[in-house]
Amino acid sequence: MSVCGAVLAAGAGSRFEPGPKQLARLDGRPLIDHSLDALRGAPSLSRRLVVLGSGAEEIEARADLEGFELARCGSWSAGLSESLRVAVRVAEQDSSCEALLILLADQPLVSARAVERLAARARELGPQAALRAGYHGRAGHPSVIGRALFAAVGRIEGDRGAGGILEEAGAALVDVSGLGSDIDVDTRADLEAIDREAADGEIQTPAASRGGAR
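All of these numbers come straight from a predicted model, not from anything done at the bench. Sequence order sets the numbering: in each chain, residues are counted from 1 along the sequence as written. Whole-chain, interface and lining totals are the exception, using all residues; otherwise, since this is a predicted model, local features are given only for residues with pLDDT of at least 70 and side-chain atom pairs are given and counted only at 80 or more. Neither water nor hydrogens contribute to the side-chain values; these are computed over all heavy atoms in the structure.

Section: the confidence of the model for the protein chain
Consideration 1: pLDDT is a per-residue confidence score from the predictor, ranging from 0 to 100. Here the protein chain shows a mean pLDDT of 91. Residues at 70 or above account for 92%.
Consideration 2: Residue contacts follow a heavy-atom distance rule, with two residues in contact if any of their heavy atoms lie within 4.5 Å. Contacts from residues 210-214, a stretch scored under 50 in pLDDT, to residues over four places away or in other chains number 10 contacts.

In structure tokens form, the structure reads like this:
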């Protein structure tokens, strides 16, 4: 079986000023590039998709989207559930895709090794996969929904992701402790805090661990 990966990047990031959040600079690169790299660096993924909405044209022009299929979410203002539905629709159309790994564009410290660990477990479980990354016992991101759960995504509304249906399905935690972090960037203060910690050596962005920005 194969596992597809999707970065959800359609939202406006209204708490992040000035925007667009996806293009704010971290470690010398747009914020979204770090999430894209996490999927790009996971060779076992069969397809890689990025869902864009707000500011799509500017993001396409300035982000590194090499190796990614682009999907547009016209109803992005209705919340995260809409971009998740777009990703699932693409995955549904690929009969070889038995599970979809989901990452958000504002989680720049997720590592490719964490993605690979979840994808490996998803291949073992097949269409019934229901997984969340586990950080020292805490459920986090990325997450994986198997094909058996695709239809349930239609029940999600508003600014909600797959957490509810994963909980209903009894999602297992895949331990990725020590393989990055799923800290998310909601505000410019969040981004500045990550930048400061990286500069002080308290954390290391995936790009820095590869020797710096490209």
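Some remarks on the sheet that holds strand E5 (residues 69-72)
Consideration 1: What the 7 strands build is an open sheet, ordered E5-E4-E1-E6-E8-E7-E9; its pairing is mixed. Edge positions in the sheet fall to E5 and strand E9 (172-175), since each has one partner strand and no second. Neighbour-to-neighbour, the strand axes of this sheet turn through a mean angle of 30°, independent of strand direction.
Consideration 2: Think of it this way: DSSP has to see at least two bridges between two strands before they count as a pair. Helical segments are the DSSP runs of H or I of at least four residues, strand segments are the runs of E of at least two, and each set is numbered from the N terminus. In terms of strand pairing, strand E1 (residues 2-9) meets strand E6 (residues 97-104) through 7 bridges, oriented parallel. Every axis corresponds to a line fitted to the C-alpha atoms, with the helix fit spanning only the stretch in contact, and the corresponding angles, defined between N-to-C directions, vary from 0 to 180 degrees.

A word on the pattern of salt bridges
Consideration 1: Within this document, salt bridges are pairs made up of a side-chain nitrogen of Lys or Arg and a carboxyl oxygen of Asp or Glu, the two lying within 4 Å of each other. Counting across every chain of the model gives 16 salt bridges.
Consideration 2: Residue Arg 72 pairs with Glu 57 through a salt bridge whose shortest N-O separation is 3.6 Å. You can see Arg 72 sitting in strand E5 and its partner Glu 57 sitting in helix H2 (residues 56-62), a full 15 residues away along the chain.
Consideration 3: Arg 72 gets classed as partly exposed once you look at its relative accessible area, which sits at 46%. Only protein chains enter the calculation, and the probe is 1.4 Å; a residue is then buried if its accessible area is under 20% of its type maximum, exposed if over 50%, and partly exposed in between.

Quick notes on helix H1 (residues 31-40)
Consideration 1: Counting buried positions along H1 yields 9 of 10 residues, so the element is predominantly enclosed.
Consideration 2: If you check which residues of H1 are buried, you get Leu 31, Ile 32, Asp 33, His 34, Ser 35, Leu 36, Asp 37, Ala 38 and Leu 39.

A closer look at unusual backbone geometry
Consideration 1: Residue Pro 142 is bonded to the preceding His 141 through a cis peptide linkage, with omega at 5°.
Consideration 2: Position of Pro 142 among the secondary structure elements: in strand E8 (residues 138-146).
Consideration 3: One non-glycine residue, Asp 27, lies in the positive phi region at around 55°.
Consideration 4: Looking at where Asp 27 falls in the secondary structure, it is placed in the loop between strand E2 (25-26) and strand E3 (29-30).
Consideration 5: The exposure class assigned to Asp 27 is partly exposed, which follows from its relative accessible area of 25%.
Consideration 6: Phi at His 136 takes a positive value of approximately 55°, unusual for a residue other than glycine.
Consideration 7: Note that His 136 resides in the loop between strand E7 (130-135) and E8.

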